[in-house]
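Each chain, letter by letter, is given below.
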Amino acid sequence: MTIKKLHMGSCGIVALAVASATPAFASGTTAGSSITNTASISYSVGGVSQPSVNSNTDSFVVDRKVNLTVAEVGSATTVVAPGQTGAYTTFTLQNTSNAVLDFALTSAQTAGGTAAHGGTDNFDVTGVTIYSDTNSNGVYDAGTDTAVTYIDELAADATVTLFVVGNVPSGRATGDVSNVRLTATGREGGTGGSMGAALVQTTGANTAAMDTVFADGAGVSDAARDAAHSDDDDYTVATATLTVSKSSSVVSDPINSTTNPKAIPGAVISYCIQVANASGGAAATSVSVSDIVPANMTYVASSIRLNGTVTGGVCNADGVAGGSFSSGTVSGTIATVAAGDTRTLVFQATIN
Amino acid sequence: MKRMISIAFALSLASALPGVAQAQSANAVAIDSNVMVERTTTDTAGRSQTMLEEPRVVVPGDKLVFVLNYRNNGVRPATDFVVTNPLPQAVAFDGTSDADTSVSVDGGRNWGQLATLTIRNADGTNRPARAEDVTHIRWAFQQPIPAGRAGRLMFRGVVR
């Protein structure tokens, strides 16, 4: 290592520290490492350069700053259907301490109150379990991600993705909200395979050795500087609410044909079954519709049209052929009825 | 050489230069290094007070004050007097109000005012050096230090 001459012709300086590689962490210098300072003087006397002089070595230990962040991921509720199993909300846990720590995990259901993404909590999911995103894909994979009660040996600055997984009771209505809360609490690290002891903040007289300082902020349900942090996420139920109505119109009769047809024997009647899904919920899929052809009427072969639309409550003459007729019953399946949409099954029959 | 000065628990920056103990030493000049932690506390009346404490509880982000006391113990003036302080790895430079200082951002190869120094990026381009890039700080005195003269140098750092 060479030093440029000063403008005043100083001699070289011997006390240059050789830089060793110390990884720079956002969470800071690793706890327990020493900060050592030494200064040096170079000088001349009578124009003669003298041996340089080093100062004492001032050294102290960087203490352990315990900090962590639990955060819900996605800024949106998890939309679930009644009876859904394995419904999950996603959180991250970041160790922003300057030391390796374990983290105890607990989940809780809140009762009432405003949920994480609005709405009021009015039900609990069941069988709540916390899973770690073992394969780090950000998505809960049943059978792959492992259930956890603590995170072992999380390095400084490291982040782990966690899922709170539960089952949605059947019978919940659209707009029902369940709020879940994840709390992580720092524990002693250093020993893999088991959860470390509770952290103890150094109080009273400080020591020259590594002390422990809690530096975390307050979460949704924990105080600042308690080595814990918490956040909420929620489930919102969206289900399909279907209503069915049936209408009929005379298409033609043998006398008037299609001009002002009357419901006389031999007339062709069009039946329209409307399936409406309430707005604000979820789409209904594989909606099966069946209707018994009235007595004294004969089904017109291959007249079923599925997935037609409605305008102003009146069935349109659209839709695609499909469905089946068997034993006096017309049936067909509408693939999807979106929330707020109405789809139809239309068939024709003649009056005997 | 090993010498200690007493460390006032709340060392006032404005106090007179503390004497560096006269050492029976082969060296005609002496220097002593002290690191203090700067803490700002707010009392119940809402007044904030900044104290310098011994570095007992130190966590990343804490502000440090490095105090160097030098003295010419010899009988002749010391010329070409240069004090160099390599920054500890875990400390980011946070400025100094002393005159005649220059810094290095490359381990002491090149020196200058921070604004004139550059850091080479991985892609070969240069960017202006920042305070946290500083690896060394140096005081080069223009005037000789007379025999018996003592002084204090100071700079600030932040625990990374």
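All of these numbers come straight from a predicted model, not from anything done at the bench.

(A) Quick look at the overall build of chain A. Helix and strand counts for chain A stand at 0 helices and 28 strands. In summary, chain A has a C-alpha radius of gyration of 36 Å against a globular reference of 20 Å for 352 residues, an excess of more than 25%. Principal axes of the C-alpha set define a box for chain A whose edges measure 135 × 50 × 35 Å. Expressed as a percentage of the 352 residues in chain A, the buried residues total 38%.

(B) Focus on the overall build of chain B. Along the backbone of chain B there are 0 helices and 10 strands. In chain B, the order of α-helices and β-strands from amino to carboxyl end is β-β-β-β-β-β-β-β-β-β. Per-residue burial for chain B yields a buried fraction of 37% across its 160 residues. In chain B, the share of contacts with a sequence separation of at least 24, taken over all contacts with a separation of at least 6, comes to 73%.

(C) Layout of the sheet that holds strand β11 (residues 126-132) of chain A. Residues and elements named next belong to chain A. Taken in spatial order, the 5 strands of this open sheet run β7-β9-β14-β11-β12, and their pairing is antiparallel. Two strands in the sheet have a free side with no partner beyond their single neighbour: β7 (68-72) and β12 (146-147). As paired elements, β11 and strand β14 (residues 159-167) share 5 bridges and run antiparallel to each other. Within β14, the position partnered with Y131 by the bridge is F163.

(D) Quick peek at the domain arrangement of chain A. Residues and elements named next belong to chain A. Each assigned domain of chain A is listed with its residue range as follows: domain 1 (1-62), domain 2 (66-237) and domain 3 (242-351). With 10 residues of domain 1 at the contact, the number on the domain 2 side is 9 residues. Across the side of domain 1 that touches domain 2, the residue classes tally to 5 nonpolar, 5 polar and no charged.

(E) Structural context of unusual backbone geometry. Residues and elements named next belong to chain A. Even without being a glycine, S302 presents a positive backbone phi close to 55°. With respect to the helices, strands and loops of the structure, S302 is situated in the loop between β21 (297-299) and β22 (305-308). Judged by local crowding, S302 falls into the partly exposed class, with 13 C-beta atoms found within 10 Å. Despite not being glycine, N307 has its phi angle at roughly 65°, a positive value. On the secondary structure map, N307 appears in strand β22.

(F) How the structure looks around the sheet that holds strand β8 (residues 78-80) of chain A. All names here are of chain A. Across the sheet, 5 strands lie side by side as β8-β17-β15-β10-β13; this open sheet has mixed pairing. The two strands at the open ends of the sheet, each matched to only one other strand, are β8 and β13 (150-154). Each strand of the sheet is rotated relative to its neighbour by a mean of 25°, with strand direction disregarded. Sheet analysis places strand β10 (residues 101-109) next to strand β15 (residues 177-188), joined by 9 bridges and oriented antiparallel. Its bridge partner being in β15, F103 is matched across the sheet by G186.

(G) Representation of the nonpolar core in the model. If you look at the biggest cluster of nonpolar residues, it comprises 83 residues, and the most contacted ones within it are I41(A), L93(A), L162(A) and V83(B). Both domains that meet at this core, namely domain 1 (1-62) and domain 2 (66-237) of chain A, each give it at least three residues. The residues touching L162(A), leaving out its near neighbours within four places in the chain, are F91(A), L93(A), L105(A), I130(A), Y131(A), S132(A), D133(A) and L182(A).

(H) Main features of the pairing of strand β4 (residues 78-86) of chain B. β4(B) sits mainly inside the fold: 9 of its 9 residues count as buried. The pairing of strand β2 (residues 40-45) of chain A with β4(B) spans 5 bridges and is classified as antiparallel. Within β4(B), the residue paired with S40(A) across the bridge is T84(B). The pairing of β4(B) with strand β9 (residues 136-140) of chain B spans 5 bridges and is classified as antiparallel.

(I) Region of the structure containing the environment of V346(A). All names here are of chain A. Note that V346 resides in strand β28 (residues 342-351). Its 24 C-beta neighbours within 10 Å are what place V346 among the buried residues. Considered as a pair, V346 and A321 are 25 residues apart in the sequence and their alpha carbons are 9.4 Å apart. Not counting the four nearest positions on each side in its chain, V346 is found in contact with S270, Y271, C272, R305, G308, C315 and G319.

(J) Up close: the environment of S27(A). Mapped onto the fold, S27(A) is located in the segment before β1 (34-37). Take S27(A): there are 23 C-beta atoms within 10 Å of it, and that puts it in the buried class. Setting aside residues up to four positions removed in sequence, S27(A) forms contacts with T96(A), S97(A), N98(A), A156(A), D157(A) and P60(B).

Thresholds, definitions, all that
Residues numbered from 1 in each chain as written. Chains lettered and ligands numbered in written order. Predicted model: local features only at pLDDT ≥ 70, side-chain atom pairs only at ≥ 80, totals over all residues. Helix = DSSP H or I, 4+ residues; strand = E, 2+ residues; numbered from the N terminus. Rg over C-alpha atoms; globule rule 2.2 N^0.38 Å. Buried ≥ 20, exposed ≤ 12 C-beta atoms within 10 Å, placed from the backbone. Contact = placed C-beta atoms within 7 Å. Pairing = 2+ DSSP bridges. Domains from an automatic or database assignment. Nonpolar A, V, L, I, M, F, W, Y, C, P; charged D, E, K, R; others polar. Axes fitted to C-alpha atoms, helices over the stretch in contact; angles between N-to-C directions. Core = buried A, V, L, I, M, F, W, Y, C linked by C-beta atoms within 7 Å.

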